[in-house]
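These are the residues of each chain, in order.
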Protein chains: 2
Amino acid sequence: MLKYESQLDGIFRALADPSRRAMVERLTHGHASLGALAEPLEMTLSAVQQHLSILRDAGLVSTEKVGRTRMCTLRIEQLDLVDRWFDDRRAHWERRIDRLDAYLAKGDGT
Amino acid sequence: MLKYESQLDGIFRALADPSRRAMVERLTHGHASLGALAEPLEMTLSAVQQHLSILRDAGLVSTEKVGRTRMCTLRIEQLDLVDRWFDDRRAHWERRIDRLDAYLAKGDGT
DNA sequence: ATAATACTTTAGCGAATGCTTAAGTATGAG
DNA sequence: CTCATACTTAAGCATTCGCTAAAGTATTAT
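Along each chain, residue indices are assigned from 1 in the same order as the chain's sequence is written. Throughout, the order in which chains and ligands are written sets their labels, letters from A for the former and numbers from 1 for the latter. Totals for whole chains, interfaces and linings use all residues, but because this is a predicted model, local features are given only for residues with pLDDT of at least 70 and pairs of side-chain atoms are given and counted only at 80 or more. Neither water nor hydrogens contribute to the side-chain values; these are computed over all heavy atoms in the structure.

(A) Inspection of the nonpolar core at higher detail. In this description, a nonpolar core means a group of buried Ala, Val, Leu, Ile, Met, Phe, Trp, Tyr and Cys residues linked to one another through side-chain atoms lying within 4.5 Å. Accessible area is worked out with a 1.4 Å probe on protein chains only. A residue is then buried under 20% of its type maximum, exposed over 50%, and partly exposed in between. The biggest cluster of nonpolar side chains holds 57 residues, and the ones touching the most others in it are A:Phe12, A:Leu15, A:Leu60, B:Phe12, B:Leu15 and B:Leu60. Residue contacts for B:Leu60: discarding those within four places in its chain leaves B:Ile11, B:Ala14, B:Leu15, B:Leu55, B:Thr73, B:Leu74, B:Arg75, B:Gln78 and B:Leu79. Contacts: residue pairs with any heavy atoms within 4.5 Å of one another.

In structure tokens, the structure reads:
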């Protein structure tokens, strides 16, 4: 899956900005309009929309127009990709710990 | 903890680049010199060193000079900060699911 | 001492980021 | 229809990013 790696690029990049993380955090509490997401952030609506685009490109947020408001929803299954990457890293790391344990046990001939 | 947020900035940004993720992945298998980290990456040693600086600034990697080689080590405990952030998000998300369940159960008067 | 190795530092460059302002469009209220 | 609301789009701009080339320094080999 060549796409997996480039998806991670987008997800990590999206989460690297504090304003965007704040938006994600807000969305874990439920749907929100663009205006609602923008309200606590000290920047123009235009800037917030650009952040939203990055979150949408990363697949972290989906949006839908309802009347004249744009409703945003968090796509948690996309966050799971990050979990997956961390689990894979941990697998190698923990195998290393296991080997270290084995090595120490072998030398430990009390 | 004001530092926590800015630490996350650095960590997520560091992981947003595929070359840097490759370096982290390599380091989960054990220590490695700068040259060893650079070998599979198609760029100059100078570029790899700049990536290493970003990983070091993010607290993900520590280094030590041994003779004329620079040995690099992964700081897994720094990766745990990301886990923590995800767990916090999940806590809210899962509470939302719980409330949805409760709401559906209430309306389900069979 | 000389040379090779393994980095290190600095300057520079094109592209991407994170904003802003200004001028749109579409929808709902009166 | 008129006006306010809620976004949307486009242009511009300073900064940061990812990279290279070139010229260092420090350590080990011969």
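Picking up where we left off.
(B) Geometry of the interface of chain B and chain A. Counting residues at the interface gives 27 residues for chain B and 27 residues for chain A. Between chain B and chain A, roughly 2,700 Å² of surface is buried when both sides are summed, and carbon and sulfur atoms account for 62% of that area. When residues of chain B are sorted by the area they lose upon contact with chain A, B:Arg21, B:Thr28 and B:Trp93 head the list and together hold 21% of the total. A:Glu5 is the salt-bridge partner of B:Arg21, the closest N and O atoms lying 2.9 Å from each other. We define a polar contact as two N or O atoms separated by no more than 3.5 Å, with the added condition that, inside protein, one atom must be a possible hydrogen donor and the other a possible acceptor, whereas residues neighbouring each other in sequence contribute only through side-chain atom pairs. Taken together, chain B and chain A are joined by eight residue pairs in polar contact (both at pLDDT 80 or more). The secondary structure listing takes helices from DSSP runs of H or I that are at least 4 residues long and strands from runs of E that are at least 2 residues long, numbered from the N terminus. Per-element tally for the side of chain B that touches chain A: the top contributor is helix α5 (residues 76-107) of chain B, with eleven residues. The residue inventory of the side of chain B that touches chain A, partitioned by class, reads twelve nonpolar, five polar and ten charged. Note on definitions: buried area is the accessible-area loss of two parts on being combined, 1.4 Å probe, summed for both. Between Lys or Arg on one side and Asp or Glu on the other, a salt bridge is scored when a side-chain nitrogen of the former is within 4 Å of a carboxyl oxygen of the latter. Think of it as three bins: nonpolar holds Ala, Val, Leu, Ile, Met, Phe, Trp, Tyr, Cys and Pro, charged holds Asp, Glu, Lys and Arg, and polar takes everything else, Gly as well.

(C) Representation of the protein's contact with DNA strand C in the model. Nearness of a residue to a molecule or strand requires only that one of the residue's heavy atoms be within 4 Å of it. Around DNA strand C, the structure places 22 residues, and the nearest of them are A:Gln50, A:His51, B:Gln49, B:Arg68 and B:Arg70. Take the atoms of DNA strand C that sit within 4 Å of the protein: sugar and phosphate atoms are 65% of them. Mapped by element, the contributors of at least two residues to the surface near DNA strand C are α4 (45-57) of chain A together with α3 (34-38), α4 (45-57) and β3 (69-74) of chain B. Of the residues in the surface near DNA strand C, the class split is five nonpolar, ten polar and seven charged.

(D) Spotlight on the protein's contact with DNA strand D. Not every one of the 22 residues close to DNA strand D is listed here, only the nearest: A:Gln49, A:Arg70, B:Arg13, B:Gln50 and B:His51. At a separation of 3.1 Å, a phosphate oxygen of DNA strand D approaches a polar side-chain atom of B:Arg20. Counting only elements with at least two residues in the surface near DNA strand D, the list comes to α3 (34-38), α4 and β3 (69-74) of chain A together with α4 of chain B. In terms of residue count, the dominant contributor to the surface near DNA strand D is α4(B) (five residues). Taken together, the residues of the surface near DNA strand D break down into five nonpolar, ten polar and seven charged.

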